[in-house]
Amino acid sequence: MRIVGTAEARALNRRYRGRDYAANVLAFPYGSSRGVLRGDVVLCAPVVAREARAQGKAIDAHFAHLTVHGLLHLRGHRHARRREAARMEALETKLLAKLGYPDPYE
């Protein structure tokens, strides 16, 4: 887990995803072994803070949401298709509720 600034997030997103902007969260899975996740999750603090303000969310709740989101990507979850997105969002909501955070999609 790394928390980075805008320049590093943008460079990583450009290099590994071909997108020239700082993403809020990036996940880099590199396998699993006996149920142990292996990979990196990178959160861009300025983007997360800006989004939290714009969406009227507590910053800690938004960081928690994007951490869970990134970890689910490490476990192989995707959201490119509507069905996948719905499953992933439901799982995020369930996990965040267990951690005491509100539904991030309300």
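Residues numbered from 1 in each chain as written. Predicted model: local features only at pLDDT ≥ 70, side-chain atom pairs only at ≥ 80, totals over all residues. Heavy atoms only, no water.

K.L.:
Just to check I follow, could you spell out the packing of aromatic side chains for this structure?
P.N.:
Note on aromatic pairs: each is described by the distance of the centres and the angle between the planes. Enumeration over the complete set of coordinates arrives at one aromatic pair. Geometrically, the ring pair formed by Y16 and F28 is edge-to-face, given 5.2 Å between the ring centres and 70° between the ring planes. Of this pair, Y16 sits in helix α1 (residues 6–17) while F28 sits in strand β2 (residues 25–33), and the two are twelve residues apart along the sequence. (Phe/Tyr/Trp six-rings, centres within 6.5 Å; stacked < 30°, edge-to-face > 60°. Helix = DSSP H or I, 4+ residues; strand = E, 2+ residues; numbered from the N terminus.)

K.L.:
Looking at this model, I keep getting lost on the pattern of salt bridges. Mind explaining?
P.N.:
If charged atoms from side chains of opposite charge come close, those side chains can pair. Enumeration according to the criterion identifies four salt bridges in this entry. Across the salt bridge formed by R2 and E8, the nearest N and O atoms sit 2.6 Å from each other. Put simply, R10, R14 and D20 are held in one network by salt bridges that share partners. (Salt bridge = Lys/Arg side-chain N within 4 Å of Asp/Glu carboxyl O.)

K.L.:
Looking at this structure, how should I read the nonpolar core?
P.N.:
Of all hydrophobic cores here, the largest spans nine residues; its members are V4, A9, L12, A22, A23, L26, V42, C44 and V47. Secondary-structure elements contributing two or more residues to this core are α1 and β3 (36–44). Not counting chain neighbours up to four residues away, the residues in contact with C44 comprise V4, G5, T6, A9, A22, A23 and N24. Counting residues in each nonpolar core, the second largest holds seven residues, with V25, V41, L43 and L66 among its members. (Core = buried A, V, L, I, M, F, W, Y, C linked by side-chain atoms within 4.5 Å. Buried < 20%, exposed > 50% of the residue type's maximum accessible area, 1.4 Å probe, protein only. Contact = heavy atoms within 4.5 Å.)

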